[in-house]
Amino acid sequence: MSVAAIRLTPTDNVAVCCRTVEPGEQILVDGHALTVTERVALGHKLAVVPLATGDKVIKYGMPIGSMTHDAPAGGWVHMHNMQSDYIPAHLRDAHGDHA
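A few points on the structure. (Residues numbered from 1 in each chain as written. Predicted model: local features only at pLDDT ≥ 70, side-chain atom pairs only at ≥ 80, totals over all residues. Heavy atoms only, no water.)

Section: the pattern of salt bridges
Rules: Any Lys or Arg side-chain nitrogen located within 4 Å of an Asp or Glu carboxyl oxygen qualifies as a salt bridge. Where helices and strands are cited, they refer to DSSP runs of H or I of at least four residues and of E of at least two residues respectively, numbered from the N terminus. The cut-offs for exposure are 20% and 50% of the maximum accessible area for each residue type, with area from a 1.4 Å probe on protein chains only; residues under the lower value are buried, those over the upper are exposed, and the others partly exposed.
Applying the stated criterion to the full structure yields 4 salt bridges. A salt bridge links Glu25 to Arg19; the shortest N-O distance between them is 2.6 Å. The closest approach of N and O atoms between Asp85 and Lys56, which form a salt bridge, is 2.9 Å. Residue Asp85 is found in the segment after strand E9 (82-84), and its partner Lys56 is found in strand E6 (residues 56-59); the two are separated by 29 residues along the sequence. In this structure Asp85 comes out as partly exposed when scored by relative accessible area, which is 36%.

Right under this line is the structure:
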């Protein structure tokens, strides 16, 4: 059986899918059982713990965004339920300064 998802660092609250996972599928992430709640495609994020609105999404050991809607453990985490906490690139000039 192939690895379904990996956490990039031990402090991450999301894992990255190594293949598409399906609802109801039981997978292991760092040795812990997780039931997938919805289809999550290869390369997309999967919550490894329940995430509530306002929670920080931690990937690479760093916050990459905030939840805009709740996601259960095993749920898909993407732009439909999170937002980036970074300043949009179109607001920066070539030197990285704000417009």
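Description of the sheet that holds strand E2 (residues 14-17)
Our working rule: Should DSSP find at least two bridges between two strands, the strands are taken to pair.
Read across the open sheet, the 4 strands follow the order E1-E2-E5-E8; overall the sheet is antiparallel. Two strands close off the open sheet at either side, each with one partner strand: strand E1 (5-6) and strand E8 (76-77). Where E2 meets strand E5 (residues 45-47), 3 bridges bridge the pair, whose relative direction is antiparallel. Bridge pairing in E5 links Val14 to Ala47.

Things to note about the pairing of E6
Relative to strand E7 (residues 62-67), E6 runs antiparallel, the two sharing 4 bridges. Bridge pairing in E7 links Lys56 to Ser66. Counted between consecutive antiparallel strands, the loop separating E6 from E7 contains 2 residues, among which Tyr60 sits at a positive phi close to 60°.

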